[in-house]
Amino acid sequence: MTAKQKNTTAHVKEEKMFLRFKLGQRWEHLILILSFTVLLLTGLPQKYRDFSWSQDLLSTPERLGLIRQIHHIAALILALEAVYHIGRALVLLARRKLPGNILPVWQDVLDAGHMLQYLFFLRNDKPKFGKYNFEQKVTYWFLFFGIAMMGITGFVIWFPEQFTQFLPGGVVPASKLAHSTESIVAAVFVLIWHIYHVHIERLNLSIFTGRLSEPEMREFHTKDYEQQIGQVANKTQAGEKK
Ligand code: HEM
Ligand code: HEM
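My aim in this report is to walk through the structure given alongside it, one point at a time. (Residues numbered from 1 in each chain as written. Chains lettered and ligands numbered in written order. Predicted model: local features only at pLDDT ≥ 70, side-chain atom pairs only at ≥ 80, totals over all residues.)

**Regarding the environment of R218**
Spelled out, the test is: Secondary structure elements follow DSSP: runs of H or I of four or more residues count as helices, runs of E of two or more count as strands, with numbering from the N terminus.
Looking at the element boundaries, R218 is found in helix 10 (residues 214-220). Separated by 102 residues in the primary sequence, R218 and L116 have C-alpha atoms spaced 21 Å apart.

**A closer look at the site of ligand 1**
Under the convention used in this document: Any residue whose backbone-placed C-beta atom lies within 6 Å of a molecule or strand is treated as near that molecule or strand. Under this grouping Gly is polar, as are all residues other than the nonpolar Ala, Val, Leu, Ile, Met, Phe, Trp, Tyr, Cys and Pro and the charged Asp, Glu, Lys and Arg. Reported domain spans reflect what an automatic or database domain assignment gives.
Near ligand 1, the surroundings consist of 23 residues, among which G43, R68, A75, G154 and S180 are the closest. Elements that contribute at least two residues to the shell around ligand 1 include exactly helix 2 (23-47), helix 4 (61-94), helix 6 (134-158) and helix 8 (171-200). Residues of the shell around ligand 1, tallied by class, amount to 13 nonpolar, eight polar and two charged. When residues are assigned to domains, the shell around ligand 1 turns out to be shared by domain 1 (21-98) and domain 2 (133-211), each giving three or more.

**What about helix 4?**
Given 3.6 residues per turn, any residue in an α-helix points the same way as the ones three and four places further on. Our working definition: Any helix carries an expected span of 1.5 Å times its number of residues minus one. The exposure scheme places C-beta atoms from the backbone and then counts, for each residue, the other C-beta atoms within 10 Å of its own, assigning buried at 20 or more, exposed at 12 or fewer, and partly exposed in between. Whether two residues are in contact is decided by their C-beta atoms, placed from the backbone, lying within 7 Å.
For helix 4, built from 34 residues, the straight-helix expectation of 50 Å at 1.5 Å per residue is met to within 8% by its first-to-last C-alpha distance of 49 Å. Those residues of helix 4 that sit buried are H71, A74, A75, L78 and E81. The secondary structure elements touched by the buried residues of helix 4 are helix 2 and helix 6. Note on helix 4: the residue one or two positions beyond its end, R96, has a positive phi of about 60°.

What is shown is where atoms sit, not what they do.
Shown next as C-alpha cells:
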C-alpha cells in the first residue's frame, strides 16, 4: 500500500457518522413516500377525468373500479401509518420520553429572521440549528395537517351515508372539493419544496441511510452536534472518574 493510500484509508476510518434517523423513522418515511405516490397517481386521473390521458386510463368501468380500489388500499396504509405515528407519540408522551424537538418554538421565528438577514447580506453568519431547523419543522407540520385533512375528507367521500347520519349533507361536496384541491397543494409542496430542500439545495440522504457525517452535523445541526459531543465527553469523564 502506498503512503497516499494509507493516508486515504486512515481518513475514511476517521470520518465519524452520527445517527440522524432511527430505523423506525426511516420505515415510516418509506411508507409515506410509497402510499403518497400511489394516492397521487390513482387520484389525479380521477380529478382530471376530462383529459384524454385520463380517459385512456379509465376507459372501462372495471379500470375505474381498479384505480379506485388501489386508491382505497393506499389510503388505508397511509391512515394506519398516521395512527401509528400519533399513537407512538402519545405513548412516549405518557412515559415522558417524547423528545419534542419537532415542536415549533419562538427560537424558530428568530432563526427564520436571522436567515433572511443572511440571505439579504445583512449578516455574515447563518443561524445555528438543533435537531430540526425551522424549514424542517414547516415541512413536518404542513404535511401533518395536510395528511390529516386528506384522510378526514377522503373517508367522508368514501363513506358518505355513515358520515351524513351525524353531519349535514353539505359536508360531502365540501369534502370532495377540499380533497381534490389539497391533493394539488400537497403534491406541489412535496415535489417542489421538500424535494428542493432534501436533494437540490444539498444532497441529503439521511432519511434513507439514517446517518449524517460529522462535517454535515457540525454545519447543519450545530447545536445538536455540540450537545451530542458534550454528552459523549461527560460520559467519558464519568467513566474515567470510576
Ligand atoms: C387516508 C387518505 C385518503 C383517503 C381515505 C382517500 C379517499 C378518496 C376517495 C374515497 C376518493 C373518491 C374516489 C374514490 O372512491 O377513489 C378520492 C379521490 C381523490 N384522491 Fe384521495 N384519499 C386519501 C388520500 C389522498 C392523497 C394523499 C392524495 C394526493 C396527495 C389523494 C388524491 C385524490 C385525488 C386527486 C382524488 C380525485 C378527486 C377528484 O375527483 O377531484 N387522496 N380519495
Ligand atoms: C421521493 C420522495 C422523497 C424524498 C427523496 C424525501 C427525502 C427526505 C429526506 C432526505 C429527509 C430528511 C431531511 C432531514 O435531514 O431532516 C426527509 C424528511 C421528511 N420527509 Fe421526505 N422525502 C420524500 C417524500 C416525502 C413524502 C411523500 C412525505 C410525506 C407526504 C415526506 C415527509 C417528510 C417529513 C415530514 C420529513 C421530516 C421533516 C424534514 O426533515 O424535512 N417526504 N425526506
